[in-house]
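Single-letter residue listing:
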Amino acid sequence: MLLLVLYIIAITAEAMTAALAAGRRDMDWVGVCTIACVTALGGGSVRDVLLGHYPLTWVQHPEYLWITAGAAILTALIAPIMRRLHSLFLLLDAMGLVVFTVIGCQIALEMKLPITVVLLSGMITGCAGGVLRDILCNDIPLLLRKEMYASVSMLTGALYLGAQHLDWHPYVTLLGPMIIGLSFRMLALHRNWQMPRFVYRDEWR
Amino acid sequence: MLLLVLYIIAITAEAMTAALAAGRRDMDWVGVCTIACVTALGGGSVRDVLLGHYPLTWVQHPEYLWITAGAAILTALIAPIMRRLHSLFLLLDAMGLVVFTVIGCQIALEMKLPITVVLLSGMITGCAGGVLRDILCNDIPLLLRKEMYASVSMLTGALYLGAQHLDWHPYVTLLGPMIIGLSFRMLALHRNWQMPRFVYRDEWR
Amino acid sequence: MLLLVLYIIAITAEAMTAALAAGRRDMDWVGVCTIACVTALGGGSVRDVLLGHYPLTWVQHPEYLWITAGAAILTALIAPIMRRLHSLFLLLDAMGLVVFTVIGCQIALEMKLPITVVLLSGMITGCAGGVLRDILCNDIPLLLRKEMYASVSMLTGALYLGAQHLDWHPYVTLLGPMIIGLSFRMLALHRNWQMPRFVYRDEWR
């Protein structure tokens, strides 16, 4: 129940940031809604398709499609206000990341998949939506270049997996890793932490 | 039966326009055939994978692969003539869109999916092939920027869904929405109708 | 057994060349590992998703994920040495292509799919990883522009299919087509063979 509320906030936040990305590319309203749905629901869809976990979330709950499309159109309408809410958005976006990650881990746990796959399932759920958004906007995915997105997702997933083995209250198991992941993400943004890069210059191909 | 004939004309037309797009990017013959197959059969494949509707069309009917690849190679061979057939192509391309849309809706209806998903299934079948083509050609998908593609697809799907509830002759139920969608598309092209755009300039990410 | 050894060498080689591609785009370490896993395991994943062949290889054998990620990080660490191993890499990369192709054909054969789909399954397994890598790096896929990749894959697959009908020792059936395909690829690289291109200039869309 708590997770459902968090999930709906998360897809709304992802849809709104995606709509702004679409606006930066001068997309029309159909494009804005498409990018929003793909970003908010694409991570889960990629996970479900790869794990063979049918039916997909939005096939079972088409109302999520309306929520994301609605949030995207609302964002386009009130875009000027958005600028002032910048920091709120960063927070909501980070929340989306950790919520999606935990949901992805949960689903893979329920399918009794090996631990590596559980972690990866969390990362795919958390990050693939943003990668798809960047591909549709014809960018090199941001995930692969900077930001600690994937690292935050991996940390959150690992903590959640660890917490499963402790005999804590379900809310602690759920919220603990999320709060730590979220704080780490906000710290990383604030202090501009980055993963080391691998720079290679050589035209041998 | 009628739908099958229309489907084969539609994949041929999509393969031909895709081959021209590949030619604009100087692709080799393998690339031309790949782009043609992905554009003509990709929309249906994305739909089937997302809905878990196996086996895919071209796995069951590999002859469609030969039809699209053949149409693509033919197009490359007679490319100079293609220029004169410009308006015929726009018509065939629009026909492909409405035929794919109706087929996509039909399949989702047979699977007894919710109405939002039926509409979306039609839009994915109609539009995803072109989006994949643009991704492979390294463009921002045209669908998301201009053209009334998605809107035409949604209109056709909605009319088809509505017609299901009336007690009309199956051919009318099938052809009516297609003809209205097709006319709308040709009008949109002619009068240069566009969806309103959302333009947002701000580097907050 | 032999095929398993070849497969592991192949995913390692693919992961290493993918890591170098990621390094050319200044990706961070997460990006390097992602690109490596997608390139090495993506072709098989696309095939399995399209054919509905679940569970995917890396879900059943998550150790392959560790092998590819490990190979990618190793490559980033010893990148300067890589330059000298240029020709070894081209050989390993070509080996990956033919091994993946044969595995893809085998899986489709086991599923008793039509012969066109068996060939295509081999090509998808061999080539789709590289296409995904190029999409994530925001390039027009190399496959579609030059290189004889797809042609080598088709040749290898066709020879393997033909060899199935002869009553040869399994090792000959397996290795013969691979060796011919590999030689063809190395010759194509050496002599700079290319497929004819289709160049089309006209803005009619």
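Keep in mind it's a predicted model, so treat the numbers as computed, not measured.

Draft legend 1. Examining the overall build of chain A more closely. Summing up its helical and strand segments, chain A has 10 helices and 0 strands in all. Secondary structure of chain A in N-to-C order comes out as α-α-α-α-α-α-α-α-α-α. Taken over the C-alpha trace, chain A has a radius of gyration of 17 Å; the compact-globule value for 205 residues is 17 Å, and the two agree within 12%. By principal-axis analysis of the C-alpha atoms, chain A measures approximately 50 × 50 × 35 Å. Counting every position in chain A, which comprises 205 residues, the buried fraction comes to 57%. For chain A, the share of sequence-separated contacts (at least 6 apart) that also reach a separation of at least 24 residues comes to 77%. Positive and negative side-chain charges in chain A, numbering 14 and 13 respectively, have mean positions lying 8 Å apart.

Draft legend 2. Structural detail: the interface of chain A and chain C. Contact residues are listed per partner, giving 35 residues for chain A and 42 residues for chain C. Summing both sides of the interface, chain A and chain C together bury roughly 3,300 Å²; the carbon and sulfur share of this comes to 64%. Between the two partners, chain A and chain C, sit 0 salt bridges. Here chain A is connected to chain C by 5 residue pairs in polar contact (both at pLDDT 80 or more).

Draft legend 3. Structural detail: the interface of chain B and chain A. With 35 residues of chain B in contact, the opposing surface of chain A contributes 42 residues. For the interface between chain B and chain A, the tally reads 0 salt bridges. Across the chain B-chain A interface, the total number found is 5 residue pairs in polar contact (both at pLDDT 80 or more). Among the elements of the structure, α2 (29-51), α7 (115-136), α8 (142-145) and α9 (149-164) of chain B are those that each provide at least two residues to the side of chain B that touches chain A. It is α7(B) that provides the largest number of residues to the side of chain B that touches chain A, a total of 6 residues.

Cut-offs used in this document
- Residues numbered from 1 in each chain as written.
- Chains lettered and ligands numbered in written order.
- Predicted model: local features only at pLDDT ≥ 70, side-chain atom pairs only at ≥ 80, totals over all residues.
- Heavy atoms only, no water.
- Helix = DSSP H or I, 4+ residues; strand = E, 2+ residues; numbered from the N terminus.
- Rg over C-alpha atoms; globule rule 2.2 N^0.38 Å.
- Buried < 20%, exposed > 50% of the residue type's maximum accessible area, 1.4 Å probe, protein only.
- Contact = heavy atoms within 4.5 Å.
- Lys, Arg positive; Asp, Glu negative; His and termini not counted.
- Charge placed at Lys NZ, Arg CZ, Asp CG, Glu CD.
- Buried area = accessible area lost by both parts, 1.4 Å probe.
- Salt bridge = Lys/Arg side-chain N within 4 Å of Asp/Glu carboxyl O.
- Polar contact = N/O pair within 3.5 Å; in protein donor to acceptor, adjacent residues only side chain to side chain.

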